[in-house]
Amino acid sequence: MAGTIGPAAREAFADLEITVEPGSTVLAGELDQAGLHGVIERIASLGLELVDIRRRTADGEFPWP
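This section reports on the structure supplied with the text. The model shown is predicted, which means the values in this text are computed figures rather than measured ones.

## Points about the overall build of the chain
Phase 1: Along its length, the chain carries two helices and two strands.
Phase 2: Overall, the chain shows an N-to-C arrangement of helices and strands of α-β-β-α.
Phase 3: Expressed along its principal axes, the backbone C-alpha trace of the chain runs to roughly 30 × 30 × 20 Å.
Phase 4: Counting across all 65 residues of the chain, residues that qualify as buried make up 17%.

Spelled out as structure tokens, the structure:
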């Protein structure tokens, strides 16, 4: 997501790992298809900007294109 999220938004994603990087916030977790759609809906309902979705590799890294 673009930018960083405050405490209220962090509560909405308490079930995910949250990492704040310069200019963005990364949410990570194990999700099935329904869980992914639920997270996308939470992002939209909070008016946040979704920038990217990636699947982690087996070693836990996020591949960059």
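Don't stop here, the text continues.
## Description of the pairing of strand β1 (residues 17–21)
Phase 1: Relative to strand β2 (residues 24–28), β1 is paired through five bridges, and the arrangement is antiparallel. The partner of Val-20 across the bridge, within β2, is Thr-25.
Phase 2: Counting the residues between successive antiparallel strands, the hairpin from β1 to β2 contains two residues, one of them, Gly-23, with a positive phi of roughly 80 degrees.

## Considerations on the nonpolar core
Phase 1: In this structure, Ile-5, Ala-9, Phe-13, Leu-16, Val-39 and Ile-43 together form the largest nonpolar core, which totals six residues.
Phase 2: Beyond its immediate chain neighbours, meaning those up to four positions away, Phe-13 contacts Ile-5, Ile-18, Leu-27, Val-39, Arg-42, Ile-43, Leu-46 and Leu-48.

## What about the side chain of Thr-25?
Phase 1: Counting through the fold element by element, Thr-25 comes out in strand β2.
Phase 2: Judged by its relative accessible area of 2%, Thr-25 falls in the buried class.
Phase 3: In this structure the side chain of Thr-25 is engaged in a polar contact, spanning 3.4 Å, whose partner is the backbone nitrogen of Ile-5.

Calculation criteria
Residues numbered from 1 in each chain as written. Predicted model: local features only at pLDDT ≥ 70, side-chain atom pairs only at ≥ 80, totals over all residues. Heavy atoms only, no water. Helix = DSSP H or I, 4+ residues; strand = E, 2+ residues; numbered from the N terminus. Buried < 20%, exposed > 50% of the residue type's maximum accessible area, 1.4 Å probe, protein only. Pairing = 2+ DSSP bridges. Core = buried A, V, L, I, M, F, W, Y, C linked by side-chain atoms within 4.5 Å. Contact = heavy atoms within 4.5 Å. Polar contact = N/O pair within 3.5 Å; in protein donor to acceptor, adjacent residues only side chain to side chain.

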